[in-house]
Amino acid sequence: MKLYVSLTSPFARKVRIGLAEKGLAQRIEQIVVDPWNDDGTLTATNPLSQVPALQLDDGLALTDSDTILGWLDRAFPQPPLWPHDPQARTHAEAIAALAQTLLEYTVFLVLEDRRPPAMRSAPMIERRTQSLMRGIEALNSRFHASTVHFHLDSIGVACALGYLDFRQPELDWRRHAPKLATWMEWAAQRPSVRDTAPPPA
Ligand SMILES: N[C@@H](CCC(=O)N[C@@H](CS)C(=O)NCC(=O)O)C(=O)O
């Protein structure tokens, strides 16, 4: 089994945190690749050239963080990545989905930044930035973090906020989300989160 990751990808980080929470970080080989400059290593598993990608021992390739995490939770059920109670699970899924879209919007802003200024779409940058800020405020009020479990809602939120710190610090999300800021101070100390933090630029 081989997991293709990049050390700066927040989507790969979700999977790396999931592995660490299950005590599997050393059991699954992690191969660091650059999806933007691949020599064919990554595309042999993920034709879409995105990380994370998981090559299973039976030859099946899994792409997309949520698909990989779903497989991981079925293959290694303990400790679970979702709450058992259906209502709590629905709530956790709602938070995880919000966090995933925040990640996608932050990546959009990062990619726009890398385009020549004349090719950037100011209206889309504005729209995504406004949505991001509303999303962060929504997480601030809707996310009721467990201090016992670190399920996929917590994993997603930690990755989304960590990626904002890493790539868009000027958005200053803490100003809009004091409750999340306090939670993130706590979450950042957790070994699975601390050990997967993006390397300094
Ligand atoms: N929906 C995917 C998104 C994966 C993704 O966008 N990964 C980025 C790294 S942050 C990537 O590999 N980008 C290269 C590309 O899109 O060509 C997931 O959740 O895993």
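Residues numbered from 1 in each chain as written. Predicted model: local features only at pLDDT ≥ 70, side-chain atom pairs only at ≥ 80, totals over all residues. Heavy atoms only, no water.

As annotated in an unreviewed UniProt entry, the chain is Glutathione S-transferase from Oleiagrimonas citrea.

Below, the discussion takes up the pairing of strand S1 (residues 2-5). Look at any regular strand and the pattern is simple: side chains alternate between the two faces of the sheet. Both S1 and strand S2 (residues 29-32) contribute to a ladder of four bridges, which runs parallel. Among the inter-strand pairings, Tyr-4 is bridged to a residue of S2, identified as Ile-31. At this point the chain moves from S1, through helix H1 (residues 10-21), to the parallel S2, and the crossover so formed is right-handed. Here three bridges tie S1 to strand S3 (residues 53-55), and the two strands are oriented antiparallel to one another. Counted as the bridge partner of Lys-2 is Gln-55 from S3. (Pairing = 2+ DSSP bridges. Helix = DSSP H or I, 4+ residues; strand = E, 2+ residues; numbered from the N terminus. Right-handed = clockwise from strand over helix to strand, strands pointing away.)

Attention now moves to the UniProt feature "domain: GST N-terminal" (unreviewed entry) in the chain. UniProt tags residues 1-80 as "domain: GST N-terminal" (unreviewed entry). What you have in residues 1-80 is 29% helix and 18% strand, and the ends, taken at the C-alpha atoms, are 20 Å apart. (UniProt positions renumbered as here; feature names shortened; annotations may be inferred.)

With that settled, consider helix H2 (residues 65-75). Those residues of H2 not exposed but buried are Ser-65, Ile-68, Leu-69, Trp-71, Leu-72 and Asp-73. Residues of H2 that are buried in the fold lie against S1, H1, S3, strand S4 (61-63), helix H3 (86-114) and helix H5 (152-167). The backbone nitrogen of Asp-66 lies 3.1 Å from a side-chain oxygen of the residue at the head of H2, namely Asp-64. (Buried < 20%, exposed > 50% of the residue type's maximum accessible area, 1.4 Å probe, protein only. Contact = heavy atoms within 4.5 Å. Polar contact = N/O pair within 3.5 Å; in protein donor to acceptor, adjacent residues only side chain to side chain.)

Once that is clear, we can look at the pattern of salt bridges. Think of it this way: side chains of opposite charge can pair up when their charged atoms draw near. In this structure the tally under the stated criterion is eight salt bridges. Asp-73 is the salt-bridge partner of Lys-22, the closest N and O atoms lying 2.7 Å from each other. A residue pair is termed long-range when its members are at least 10 positions apart, and Lys-22 in the loop between H1 and S2 and Asp-73 in helix H2 qualify at 51 residues. In this structure, the salt-bridge partner of Arg-115 is Glu-112, at a minimum N-O distance of 3.3 Å. Owing to a relative accessible area of 33%, Arg-115 belongs among the partly exposed residues under this scheme. Judged by its relative accessible area of 7%, Glu-112 is buried. (Salt bridge = Lys/Arg side-chain N within 4 Å of Asp/Glu carboxyl O.)

This part takes up the site of the ligand. Taken together, Ser-9, Pro-10, Phe-11, Pro-35, Trp-36, Ser-49, Gln-50, Val-51, Pro-52, Asp-64, Ser-65 and Gln-100 are the residues near the ligand. Taking Gln-50, its side chain carries an N or O atom lying 2.9 Å from an oxygen atom of the ligand. Contact distances for the ligand include 2.7 Å between an oxygen atom and a side-chain N or O atom of Ser-65. Against a free-state accessible area of 520 Å², the protein chains account for coverage of 82% of the ligand. Of the residues that constitute the shell around the ligand, the class distribution is six nonpolar, five polar and one charged. (Near = heavy atom within 4 Å. Areas by Shrake-Rupley, 256 points an atom, 1.4 Å probe, with all protein chains shown as cover. Nonpolar A, V, L, I, M, F, W, Y, C, P; charged D, E, K, R; others polar.)

Another aspect to go through is the domain arrangement of the chain. Domain boundaries in the chain define domain 1 (2-75) and domain 2 (86-193). Computed from C-alpha coordinates alone, the two centres of domain 1 and domain 2 are separated by 21 Å. Across the contact, 13 residues belong to domain 1 and 18 residues belong to domain 2. Carbon and sulfur atoms make up 68% of the area that domain 1 and domain 2 hide from each other, which totals about 1,300 Å². (Domains from an automatic or database assignment. Buried area = accessible area lost by both parts, 1.4 Å probe.)

Turning our attention to the environment of Gln-189. Structurally, Gln-189 is set in the loop between helix H6 (178-187) and helix H7 (191-194). Each C-alpha atom of the pair Gln-189 and Arg-134 lies 26 Å from the other, and the pair is 55 residues apart in sequence.

Right, let's get into the packing of H3 against helix H4 (residues 122-142). Running from N to C, H3 and H4 cross one another at 150°; their axes reach a closest spacing of 10 Å. The pairing of H3 with H4 is recorded here as roughly antiparallel in orientation. Remark: the crossing between H3 and H4 carries left-handed chirality. Residues His-91, Ile-95, Leu-98, Leu-102, Tyr-105, Thr-106, Phe-108, Leu-109 and Glu-112 of H3 form the contact with H4, whose own contacting residues are Met-124, Ile-125, Arg-128, Thr-129, Ser-131, Leu-132, Gly-135, Ile-136, Ala-138, Leu-139 and Arg-142. Looking at side-chain class alone, the contact of H3 with H4 contains twelve nonpolar, five polar and three charged residues. (Axes fitted to C-alpha atoms, helices over the stretch in contact; angles between N-to-C directions. Parallel < 35°, antiparallel > 145°, perpendicular 65-115°, else oblique. Left-handed = near helix turned anticlockwise from the far one by under 90°.)

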